[in-house]
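# Structural overview
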Amino acid sequence: MLEKRAYDDVAEMLGVEPGITAIIGSGGKSTLMDVLARAVARGGATALITTSTHIRRAQRCPVYTGADAAELEGMLAGRAVVCCGTPAQDGKLAAPALPWETLAGIADYVFVEADGSRGLPAKAHAAHEPVIPAAARLVIDVVGAQAFGRPLSEVAHRPELFCVRAGAAPHEALTPEHVAAVVERERTEGALHLPPGARFVLAVTHGALPGAGTRAARLARALDEPVYLLDHPTRLCARARADADGAR
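Below is a summary of the structure that appears in this document.

Conventions and cut-offs
Residues numbered from 1 in each chain as written. Predicted model: local features only at pLDDT ≥ 70, side-chain atom pairs only at ≥ 80, totals over all residues. Heavy atoms only, no water. Buried < 20%, exposed > 50% of the residue type's maximum accessible area, 1.4 Å probe, protein only. Helix = DSSP H or I, 4+ residues; strand = E, 2+ residues; numbered from the N terminus. Pairing = 2+ DSSP bridges. Expected span 1.5 Å × (residues − 1). Arc of directions from axis to C-beta. Contact = heavy atoms within 4.5 Å. Salt bridge = Lys/Arg side-chain N within 4 Å of Asp/Glu carboxyl O.

### A word on the pairing of strand β2 (residues 19–25)
- Burial runs high along β2: 7 of the 7 residues are buried.
- With 5 bridges joining them, β2 and strand β9 (residues 109–113) adopt parallel strand pairing. Each bridged residue has a counterpart across the sheet, and for Ile-23 the counterpart in β9 is Glu-113.
- Across 6 bridges, the pairing between β2 and strand β11 (residues 136–144) is parallel.

Written out as structure tokens, the structure is:
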């Protein structure tokens with residue numbers, strides 16, 4: 001069975017600590033970043049949401065695009081959650097002008113979207129990605145449950161690379177075991193560029209979809225480590241253990 005938690009406990013369940021948390025992968029990074037920032041803010045902490053690549057401007061909190069640490073600190077003092085970055089094309093934000101260490105000194109928590117996936121729910125990483133700040137203490141890799149059971153060629157960003165690392169053909173339906181193979185190979189070969197000492201966790205989003213719990217449990221067994229199952233609309237927050245069946 002899945003070990004369910006109250007949705008407000010999502011940050012605690014994932015092991016988020018003060019400092020920098022990088023969110024990589026595909027299938028719900030921006031939503032998860034917003035959810036985590038608001039979860040820690042409810043406990044009285046301050047949080048920044050930002051990027052090392054590109055993100056859309058946040059709609060639910062103020063946006064800071066400057067380079068003055070005192071200004072940003074003053075903005076946080078009155079609002080708890082602020083989105084920061086530098087203006088980019090199409091109204092998006094690029095990486096902030098202030099150094100990561102400065103941001104971590106201003107806010108209790110800094111959540112960084114450190115990857116891109118062109119809106120697809122699964123991905124493999126090219127040599128230049130993800131762009132994880134060296135000071136990150138936690139890296140959350142995200143995969144969308146809507147990818148499972150569909151052809152790899154349709155749901156994976158960089159499908160050729162994904163297929164090579166998964167040992168699969170483009171027409172094959174994506175399985176939890178494919179995702180596990182890609183994650184394990186990328187970690188083993190250093191393709192994720194994980195900072196020394198950073199914790200790594202895997203989260204499956206859109207977790208209310210039929211069969212998502214069972215697939216999260218299969219993924220946990222394939223990796224021999226817990227996998228976290230999340231769904232924002234239904235406020236689902238659960239952990240699939242490597243020894244669980246994941247029935248849902």
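### Focus on helix α8 (residues 212–223)
- Counted at 1.5 Å a residue, the expected span for α8 with its 12 residues is 16 Å, and the 16 Å between its end C-alpha atoms agrees.
- Regarding α8, the residues found buried are Ala-212, Gly-213, Ala-216, Ala-217, Leu-219, Ala-220 and Leu-223. Looking straight down α8, one finds its buried side chains confined to an arc of 160°; they lie on one side.
- Where α8 is buried, its residues meet α7 (176–188), β13 (199–205), β14 (227–231) and β15 (236–240).
- In the stretch just after α8, Asp-224 is the one whose phi turns positive, near 60°.

### Overview of the sheet that holds strand β4 (residues 54–56)
- As summarised here, the arrangement of the 3 strands in space is β4-β8-β7, forming an open sheet in which the pairing is antiparallel. A strand with exactly one partner marks an edge of an open sheet, and here the two such strands are β4 and β7 (86–87).

### A closer look at the pattern of salt bridges
- This model, assessed by the stated rule, comprises 16 salt bridges.
- Two residues, Asp-34 and Arg-38, come together in a salt bridge whose shortest N-O distance is 3.1 Å. Here Arg-38 and Asp-34 lie together in helix α2 (residues 29–42), a separation of 4 residues that amounts to about one turn. Arg-38 shares its class with Asp-34; the two are buried.
- Glu-129 is the partner of Lys-123 in a salt bridge, and the nearest nitrogen-oxygen pair spans 3.2 Å.

Don't take any of this as a statement about function, it's just geometry.
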